[in-house]
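Single-letter residue listing:
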Amino acid sequence: MRIHVNHATTYSYDPPANGAIQTLRLTPRNHDGQYVVAWRIDVSEGCQLRAHQDAFGNLTHTFALDGPISELRVLVEGEVETQDTAGVIRGISERFPPSLFLRSTDLTLPDTELAAFAESAGKGEGDRIARLHALMEAISAAMEFDADPTHSSTTAAAAFKQKRGVCQDFAHVFTACARHIGVPARYVTGYLVGDGAVAEQRAGHQAGHAWSEAYVEGLGWVGFDPVLSQCPTDAYVRLAVGLDYLGAAPVRGNRYGGGDEHLTVALKVDQSSRQVQG
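The text that follows walks through the structure, step by step, so that each part is easy to find.

Here is what the cut-offs are and how they apply
- Here the residue index of a chain counts from 1 through its sequence in written order.
- Reporting in this predicted model follows two pLDDT cut-offs: at least 70 for local features of residues, and 80 or more for side-chain atom pairs to be given and counted; totals over whole chains, interfaces and linings ignore these cut-offs and use all residues.
- Processing note: side-chain calculations cover all non-hydrogen atoms of the structure and skip hydrogens and water entirely.
- A strand pair is defined by DSSP finding two or more bridges across the two strands.
- Only DSSP runs of H or I with at least four residues qualify as helices, and only runs of E with at least two residues qualify as strands; both kinds are numbered from the N terminus onward.
- The buried label goes to any residue with under 20% of its type's maximum accessible area, the exposed label to any with over 50%, and the partly exposed label to all in between, with areas taken from a 1.4 Å probe on protein chains only.
- Think of it this way: Lys and Arg go in the positive column, Asp and Glu in the negative one, and His and the chain ends go nowhere.
- Whenever Lys or Arg places a side-chain nitrogen within 4 Å of a carboxyl oxygen from Asp or Glu, that contact is recorded as a salt bridge.
- Note on definitions: a residue-residue contact is assigned when non-hydrogen atoms from the two residues lie within 4.5 Å.

For the rest of this paragraph, the subject is the sheet that holds strand 10 (residues 220-224). Overall, antiparallel pairing links the five strands, which are arranged 5-10-9-8-11 in an open sheet. Single-partner strands in this sheet number two, and they are strand 5 (88-89) and strand 11 (236-242). With two bridges joining them, strand 5 and strand 10 adopt antiparallel strand pairing. Bridge pairing in strand 10 places Ile89 opposite Trp221.

This part is about the side chain of Asp169. Tracing the backbone shows Asp169 in helix 4 (residues 167-180). Buried within the structure, Asp169 lacks any salt-bridge partner; its nearest side chain of opposite charge belongs to Arg164, at an N-O separation of 10 Å. Apart from the residues lying within four places of it in its own chain, the contact partners of Asp169 are Thr150, Thr154 and Ala159.

The next point concerns the pattern of salt bridges. Enumeration according to the criterion identifies 15 salt bridges in this entry. The salt bridge involving Arg2 is made with Glu81; its shortest N-O contact spans 2.5 Å. Taken together, the residues Arg2 in strand 1 (residues 2-27) and Glu81 in strand 4 (residues 59-82) connect sequence positions 79 residues apart. We classify Glu81 as partly exposed; its relative accessible area is 24%. For the salt bridge of Asp111 with Lys161, the shortest nitrogen-to-oxygen distance reads 3.8 Å. Of this pair, Asp111 sits in the loop between strand 5 and helix 1 (112-120) while Lys161 is found in helix 3 (residues 156-162), placing the two residues 50 residues apart along the sequence. The class of Asp111 is partly exposed, set by a relative accessible area of 25%. Of the residues examined, Lys161 reaches a relative accessible area of 52% and is grouped as exposed.

One can find Gly253 in strand 12 (residues 251-256). Residue Gly253 is classed as partly exposed on the basis of its relative accessible area, which comes to 46%. In this structure the C-alpha to C-alpha distance between Gly253 and Ala64, which are 189 residues apart in sequence, comes to 9.5 Å. In this view, Gly253 contacts Ile21 and Gln22; residues no more than four positions away in its chain are not counted.

In structure tokens:
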């Protein structure tokens, strides 16, 4: 599938901010099943993007802007060719051994309730991949997609206690559970082609998407999307990975001074009309 992405983020400040600094993880990497045909990031006038790779190998851009700033715009547009690999990630040079991703963070530390759920979900399954599928399905059944009760700093334990949240919360819950049962797991951000109103509503389509990857010996890293209860397909574009949301967030930054901040996001992810001819 060839996927076209158009993602515009606009911050407005009233009164204007004195300055801002941003880190963007908004550029996908090439790997088996994902090839970047074209990609560009445009930011407000006066911003100079500095490209580098972060500790996890994510393609990252940073910029700083002096004020006064009444509006800050970030536009991402590009096309990616994808193939369905059944969620298996290959063709990427990993910087760390899988064992690093057994490390819990503040956002993925399970409480007693979540730990018990992790231990019971898929218990008795014959192998690791079967247990991870069972875990994904159990989370999907136990939690409801709801954008209202959680925010970017909600922990996995808090979201699971409410039994609801957005894709970030589902991914944190899966990651926390997998680590608790001894399986390395990490948080993933990206885009998902909408498949009708149900997929858009459940996947939080207007804010991008998030899922998890777990390490399975003999297969490597495998993606699991507990929101839609499936492994990523060719409808997914993979952006960045981290121990949790904070390490893989598409946009993170700070502004200095100024008044109220208003955020507007316009995201369109669809199948490109310029498909590859086989």
